[in-house]
Amino acid sequence: MTDLATPPETHAHVPLRHPRLPSYAPWLVVGLAAAAAALVGLTLGWSLTGIVVLAMVLHVVGLTVWSRAVENARAATDRLVTSLVWVALTIALVPLVSLVLKVVTEGAAELNGRFLTWSMRNVVGEPGGIYHAIVGTLLITLAATVISVPVGLLSAIYLVEYGGQSRLAGWIRFLVDVMTGIPSIVAGLFAYALFSLIIGPGTQLGLGGGVALSLLMIPIVVRSAEEMLKLVPADLREASYALGVPKWRTIVKVVLPTAMAGIITGVTLAIARVIGETAPLLIICGSTDSVNFNLFNGQMASLPVFIYSSYTQPGTNPEILKGMAWGAALILIIIVMALNLIARLAGKFFAPKRGR
């Protein structure tokens, strides 16, 4: 029989809160790690890269140990993973930032009205311009987009809306994945062989560059459009079918407008992927110093080929042409950034409106 006079057992008090490091602790550790790494690196004669690597290691280890001593194991693990994420982000940004700074530093001095509005036709002993290369790049990329977007989008519609898990859809997905890994020079050789059979051996023209680049764009467009179409809720399709709307009209009026923002983003990524390709254009488009607006006749210049030829074959004016190559690289980066900006604006414009 239980003695009612016996006092109940008391449990040990478990604190609901534990000590925390101050909010400035990560920055303090960063400063101390940088100072210690600089001291060690300068004493031993290390390069800047070695000093930065040592500072990162000291930061991760120092913050984790400090957190383990003051806080607890769970908080220390959280700070360890967070520090590793920031280190990975820094490592990823270093080549990107250094590349942009290098291109801007070397190419900004070349930008002027003459550089953007002149070609290299009959230019001897003085700087010319890249107008012919800009025109060629835009026309070839436009041709590739006109070819690849309808093919890629219609293929994605078949895979999502009609093919499903059929054997044919499975083979199409497999071939699209294979095409994603095709080297760009193989696409150039295919386009060269195709137009050599149709027109004649040695044919070089801008349309061939568009065909070669479209082979690289189509798998990206198919995959991105397929994923965007899969994200469209099935309820929207079923509601449209319940109202008696046929399937093709449901796709055009319901599915595509809903996924349009993502599709445009995917197309922009595909364009950015191919606009800097050099090997296929060097094979099928050739190189010229004149402006050519005709995709169906004659060689056509492009920015990637111009950069390659100017830097590898500078001729008698190496300093002038190498400087122009850096300027052309900067223009190419600006074009890609402008395309991404246009894609974001178009995505917001075509995004489905949400009701209040």
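What counts, and where the lines are drawn
Residues numbered from 1 in each chain as written. Predicted model: local features only at pLDDT ≥ 70, side-chain atom pairs only at ≥ 80, totals over all residues. Heavy atoms only, no water. UniProt positions renumbered as here; feature names shortened; annotations may be inferred. Helix = DSSP H or I, 4+ residues; strand = E, 2+ residues; numbered from the N terminus. Buried < 20%, exposed > 50% of the residue type's maximum accessible area, 1.4 Å probe, protein only. Polar contact = N/O pair within 3.5 Å; in protein donor to acceptor, adjacent residues only side chain to side chain. Contact = heavy atoms within 4.5 Å. Salt bridge = Lys/Arg side-chain N within 4 Å of Asp/Glu carboxyl O. Domains from an automatic or database assignment. Buried area = accessible area lost by both parts, 1.4 Å probe.

Going by an unreviewed UniProt entry, the protein carries the name Phosphate transport system permease protein PstA and comes from Nocardioides pocheonensis. The record held by UniProt for the protein lists under Sequence similarities (unreviewed entry) the comment "Belongs to the binding-protein-dependent transport system permease family. CysTW subfamily." Taken directly from UniProt, the Subcellular location (unreviewed entry) text for the protein runs: "Cell membrane".

**Q** Hey, could you run me through the side chain of Glu 277 in this one?
**A** Assignment of secondary structure puts Glu 277 in the loop between helix H10 (247-274) and helix H11 (279-284). For Glu 277, a relative accessible area of 14% gives the class buried. Looking at Glu 277, its side chain comes within polar contact range of the side chain of Arg 273, at 2.4 Å. Glu 277 has contacts with Ser 184, Leu 213, Leu 216 and Pro 304, leaving out every residue within four places of it along the chain.

**Q** In this structure, what is going on with the pattern of salt bridges? I would like to understand it.
**A** Pairing between side chains becomes possible if they bear opposite charge and their charged atoms approach one another. Taken as a whole, this structure holds 10 salt bridges when the rule is applied. For Glu 226, the salt bridge identified is with Lys 230, shortest N-O distance 3.4 Å. Here Lys 230 and Glu 226 lie together in helix H8 (residues 206-230), a separation of four residues that amounts to about one turn. Here Arg 273 makes a salt bridge to Glu 277, at a shortest N to O gap of 2.4 Å. By relative accessible area, Arg 273 is classed as partly exposed at 33%. One salt-bridge network, in which partners are shared between bridges, spans Arg 173, Asp 177, Arg 223, Glu 226 and Lys 230.

**Q** What should I look at first to understand the domain arrangement of the protein in this one?
**A** The figure often quoted for interface size is the accessible area lost as the parts come together. Splitting the protein by domain gives domain 1 (25-106) and domain 2 (117-350). A straight line from the C-alpha centre of domain 1 to that of domain 2 covers 39 Å. Each partner contributes to the roughly 430 Å² buried at the junction of domain 1 and domain 2, and carbon and sulfur atoms together form 86% of this total. Remark: the boundary between domain 1 and domain 2 carries zero salt bridges. Remark: the boundary between domain 1 and domain 2 carries zero residue pairs in polar contact (both at pLDDT 80 or more).

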